Amino acid sequence: MMINNLAFDKYFFSRKGSHLSVDAHKGGFKVTSVRNVISDVNNMFFVAFEETPEISFLPWELTATTFRTQISVCLFGQDNLWIKGKGRGIDLCYFDYGNRYIANYAYRQGEKLYVCDYKNMAHQCYNPIKGKVEIDCPRRRGEVCSDSITVRLIPDENGEFEVALEQFYTSSRVLAYTDFPYEECVKEAKADYGTWAKKLQCKTQAEYKAAYVLWANTVYPCGNFEENAVLMSKAGMTAVWSWDNVINAMALAKYDFDLAYYQFMLPYLYMDEFGCMPDSIRDGYIDRGYVKPPVQGFCYPYLIRQNPQFGKVEVLKNVYTAMKKNTDWWLNFRGENPVYLHGNDSGADNSTCFDESEYIESPDLSAFLSVQCDFLSEVAEKLGYCTDKRIYKQLADELAAKAIDRYWDGEIFVRLAETGEKYSSAGLLPLHLLVLGKRLPGEIINYILERLKKHHFSKYGLASEALDSPLYIEDGYWRGPAWAPNQVIMTLALRAIGEDDLADQIAEKYTKVLEKVGFFENISTARQRGLRAKSYTWTAS
């Protein structure tokens, strides 16, 4: 079995290693880049068709067909793209950013055409193999940029055109395109995806498509990425966030240790001197405005179960050193009762837990830190760090007691950090207290199980806000939809207390809907549809 055709309603077109991707735009498609972005994507140009084309693609090639024109597109290397076709030719229209100092301009050297795409901090070289390229680039005297740029692909006498686009950042590499003919690039991309799908042991269409999402969102080493990195989505969420990476590592652990290990360790590599991890990492930008919850200690045992290499002493030493530094940061810099300064710190950005204040204490944070300290104590024992073993065991006990005593009075609640005032929320976030497992009293476990079954358990997985909450919103981000990390965390926590049946039901409902709707950033819990960014890796994971 091999993958069926893909479509823009659920997927974009890209490939492993490439910074470029192709996505839907005004009935046709656009080419975007994830290189040098601060947020979202950098739009390069869109393809103007005289009629709305029929578009379909496989991981290695995209085709677009109208009555008059047919084109094919493939990607190769980090920043290169082939376009070939027959018929009337096409126009590549650069986006106008409405800023006179985002100074796009174009020039020609022989048969080759160059565009300076200032928004992307890049140049593109158009090298015609068949037909020719022409430029429409009007400018006014005294202005620093062109009003607009359109690159026209003109067919030859046989009605064929073919152009190789090389994006570069300082100097063109002057690629010998005869060494990389279109057909060879398609063949290489197909073989690479096939190797990847085989490595992941894909058997069903859903598995092949999930494998495609992970493959297509992987970029080669560049800038802050010293090894291959798996972005969340080239369709918009073009970074590695400091808990999304853990979910992806868990999926990859069994099949590709090196890739999984780098994903897990990447945010640790960019901790500041105090041990604070960044919120997210891009090749050219690191966001330190927020943090993400310390789920690493809770999830790492799963990595070991999936692949014994994660339990090797030399690996554990690296993980221990990094995790210890970050755990100490949480305990030293986020208060005696650990706090989130903003909803984004919790991962559940706009959860109803933060309606009264962005600045809260939430039981999940103390619980995750307790579990992480337990993990550090266990690893310290394996490594012979006797003092650390005692210290982190004591911290684990204290944090667990705090998570229970401070946020439970017959129901689970959060506290406003400034006043200590109790505040109830129907969000799923506080119920992550369940990660404490058998440390919890039976009455709390039963309370959480009842909340999950009666209020959060939907046809499509666990809802991030209680389904009967007046604040529930179907497309409310963390106020209703089902999210991959919630499903992963809660099913692992349920299995740890012997609730395998409920864990299985949650996993089955969530994965079944993904088979139907694709791998979106989050999933509606009211009906069968994906929401927000498409081709999202933690959902595919």
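Residues numbered from 1 in each chain as written. Predicted model: local features only at pLDDT ≥ 70, side-chain atom pairs only at ≥ 80, totals over all residues. Heavy atoms only, no water.

1. A few points about the overall build of the chain
Line of reasoning, step 1. Regarding its fold elements, the chain presents 13 helices and 26 strands.
Line of reasoning, step 2. Relative to the 2.2 N^0.38 estimate, which gives 24 Å for 541 residues, the radius of gyration of the chain is 25 Å and therefore close to what a compact globule would have.
Line of reasoning, step 3. Dimensions along the principal axes, computed over C-alpha positions, put the chain at roughly 80 × 50 × 45 Å.
Line of reasoning, step 4. A buried classification covers 59% of the 541 residues belonging to the chain.
Line of reasoning, step 5. Carbon together with sulfur atoms contributes 47% to the accessible area of the chain, which is approximately 21800 Å² in total. (Helix = DSSP H or I, 4+ residues; strand = E, 2+ residues; numbered from the N terminus. Rg over C-alpha atoms; globule rule 2.2 N^0.38 Å. Buried < 20%, exposed > 50% of the residue type's maximum accessible area, 1.4 Å probe, protein only. Areas by Shrake-Rupley, 256 points an atom, 1.4 Å probe, with all protein chains shown as cover.)

2. Observations concerning the nonpolar core
Soluble, globular proteins show a tendency: their nonpolar side chains are buried together.
Line of reasoning, step 1. With 162 residues, the main nonpolar core has Phe29, Tyr126, Tyr212, Phe264 and Ile448 as its most contacted residues.
Line of reasoning, step 2. Take this core: its biggest share by element is 11 residues, from helix α8 (residues 363-383).
Line of reasoning, step 3. Not counting chain neighbours up to four residues away, the residues in contact with Tyr212 comprise Ile3, Leu6, Tyr11, Phe12, Phe13, Ser14, Phe57, Pro59 and Tyr193.
Line of reasoning, step 4. Ranked by size, the runner-up nonpolar core spans 11 residues in total, among them Val34, Val219, Ala229 and Tyr262. (Core = buried A, V, L, I, M, F, W, Y, C linked by side-chain atoms within 4.5 Å. Contact = heavy atoms within 4.5 Å.)

3. Let's talk about the pairing of strand β10 (residues 112-117)
Line of reasoning, step 1. β10 sits mainly inside the fold: 6 of its 6 residues count as buried.
Line of reasoning, step 2. Residues of β10 alternate between two faces, with Lys112, Tyr114 and Cys116 on one and Leu113, Val115 and Asp117 on the opposite face, all of them buried.
Line of reasoning, step 3. In the sheet, strand β9 (residues 105-109) pairs with β10 via 5 bridges, with the strands oriented antiparallel. Across the sheet, residue Gln109 finds its bridge partner in β10, namely Lys112.
Line of reasoning, step 4. Remark: 2 residues form the turn of the hairpin made by β9 and β10, two consecutive strands paired antiparallel; Gly110 in that turn has positive phi of roughly 65°.
Line of reasoning, step 5. For β10 and strand β11 (residues 122-130), the ladder comprises 5 bridges, and the chain directions are antiparallel. The partner of Tyr114 across the bridge, within β11, is Cys125.
Line of reasoning, step 6. Linking two consecutive strands that pair antiparallel, namely β10 and β11, is a turn of 4 residues; a positive phi of about 50° is found at Met121 within it. (Pairing = 2+ DSSP bridges.)

4. Points about helix α4 (residues 257-269)
Line of reasoning, step 1. Taking 1.5 Å per residue, 13 residues should reach 18 Å; α4 reaches 18 Å between its end C-alpha atoms and fits that length.
Line of reasoning, step 2. Taken as a whole, α4 carries its principal kink of about 30° at Gln263; the proline Pro267 stands between one and four residues after it.
Line of reasoning, step 3. Those residues of α4 not exposed but buried are Phe257, Leu259, Ala260, Tyr261, Tyr262, Gln263, Phe264, Met265, Leu266, Pro267 and Tyr268. (Expected span 1.5 Å × (residues − 1). Bend = angle between axes of the 7 residues up to and from the residue.)

5. Observations regarding the sheet that holds strand β3 (residues 42-48)
Line of reasoning, step 1. Judged by pairing direction, the sheet is antiparallel, and its 6 strands sit side by side in the order β1-β2-β3-β8-β13-β12 without closing on themselves. Both edges of this open sheet fall to β1 (20-25) and β12 (132-136), since each of them pairs with a single strand only. Between one strand axis and the next, the sheet turns through 25° on average, direction left out of account. (Axes fitted to C-alpha atoms, helices over the stretch in contact; angles between N-to-C directions.)

6. Digging into unusual backbone geometry
In terms of backbone geometry, most residues other than glycine have negative phi values and most peptide bonds are trans.
Line of reasoning, step 1. Of note, Gln201 is a non-glycine position whose phi angle comes to about 55°, a positive value.
Line of reasoning, step 2. Locating Gln201 in the fold gives a position in the loop between α1 (182-199) and α2 (205-216).
Line of reasoning, step 3. Located in the positive-phi region is Arg532, a residue other than glycine, with phi close to 65°.
Line of reasoning, step 4. Examined against the element boundaries, Arg532 turns out to sit in the loop between β26 (530-531) and α13 (537-540).

7. Considering the state of the cysteines
Line of reasoning, step 1. Applying the stated criterion across every chain, the model contains 0 disulfides.
Line of reasoning, step 2. Here Cys353 stays free of any disulfide, with the sulfur of Cys299 as its closest cysteine sulfur at 19 Å.
Line of reasoning, step 3. The buried category is assigned to Cys353, whose relative accessible area is 0%. (Disulfide = S-S within 2.5 Å.)

8. Regarding the pairing of strand β7 (residues 80-87)
Line of reasoning, step 1. Here 8 bridges tie strand β6 (residues 69-76) to β7, and the two strands are oriented antiparallel to one another. When the sheet's bridge partners are listed, Cys74 is paired in β7 with Trp82.
Line of reasoning, step 2. Relative to strand β14 (residues 160-168), β7 runs antiparallel, the two being bridged by 7 bridges. Pairing of Asn80 across the sheet is with Glu166, part of β14.

9. Structural notes on the pattern of salt bridges
Line of reasoning, step 1. Counted according to the given criterion, the structure contains 30 salt bridges.
Line of reasoning, step 2. Residue Lys199 pairs with Asp256 through a salt bridge whose shortest N-O separation is 3.2 Å. Of this pair, Lys199 sits in helix α1 while Asp256 is found in the loop between α3 (244-252) and α4, placing the two residues 57 residues apart along the sequence.
Line of reasoning, step 3. Exposure remark for Asp256: the relative accessible area of 14% places this residue in the buried category.
Line of reasoning, step 4. Between Asp374 and Arg439 there is a salt bridge; the shortest N-O distance is 3.0 Å. Linking Asp374 in helix α8 with Arg439 in the loop between β22 (422-423) and α10 (442-456), this pair joins segments that are 65 residues apart in sequence. (Salt bridge = Lys/Arg side-chain N within 4 Å of Asp/Glu carboxyl O.)

10. Things to note about the packing of aromatic side chains
Each pair of aromatic rings is reported with the distance of its centres and the angle of its planes.
Line of reasoning, step 1. Using the criterion set out here, one finds 34 aromatic pairs in the structure.
Line of reasoning, step 2. Measuring from centroid to centroid gives 6.2 Å for Tyr114 and Phe168, while their planes differ by 85°, and the two rings are edge-to-face. Of this pair, Tyr114 sits in strand β10 while Phe168 sits in strand β14; the two residues are 54 residues apart in sequence, bridging distant segments of the chain.
Line of reasoning, step 3. The class of Tyr114 is buried, set by a relative accessible area of 7%.
Line of reasoning, step 4. Phe168 gets classed as buried once you look at its relative accessible area, which sits at 5%. (Phe/Tyr/Trp six-rings, centres within 6.5 Å; stacked < 30°, edge-to-face > 60°.)

11. Examining the side chain of Thr537
Line of reasoning, step 1. Mapped onto the elements of the fold, Thr537 is located in helix α13.
Line of reasoning, step 2. Within the structure, the side chain of Thr537 is placed 3.0 Å from the side chain of Asn248, a separation counted as a polar contact.
Line of reasoning, step 3. Residues contacting Thr537, with those up to four places away along its chain left out, are Val213, Leu214, Asn217, Val230, Leu231, Met232 and Asn248. (Polar contact = N/O pair within 3.5 Å; in protein donor to acceptor, adjacent residues only side chain to side chain.)

12. Here's the deal with the environment of Lys509
Line of reasoning, step 1. Mapped onto the elements of the fold, Lys509 is located in helix α12 (residues 500-517).
Line of reasoning, step 2. Sequence spacing of Lys509 and Lys86 is 423 residues, and the spatial spacing of their C-alpha atoms is 46 Å.
Line of reasoning, step 3. Those residues in contact with Lys509 that lie beyond four places of it in its chain are Phe457, Ser458, Lys459, Tyr460 and Gly461.

13. A look at the environment of Ala253
Line of reasoning, step 1. With respect to the helices and strands, Ala253 occurs in the loop between α3 and α4.
Line of reasoning, step 2. When sequence neighbours within four positions are dropped, the list of residues in contact with Ala253 reads Ala260, Leu303, Gln306, Asn307 and Phe310.

14. So, the packing of α3 against α4
Line of reasoning, step 1. For the pair α3 and α4, the least separation of the axes is 8 Å and the interaxial angle reads 165°. Considering the angle they form, α3 stands roughly antiparallel to α4. As for the relative orientation of α3 and α4, their crossing is left-handed in sense. Packed against α3, whose contacting residues are Asn245, Val246, Ala249 and Leu252, the element α4 presents Leu259, Ala260, Gln263, Phe264 and Pro267 at the interface. (Parallel < 35°, antiparallel > 145°, perpendicular 65-115°, else oblique. Left-handed = near helix turned anticlockwise from the far one by under 90°.)

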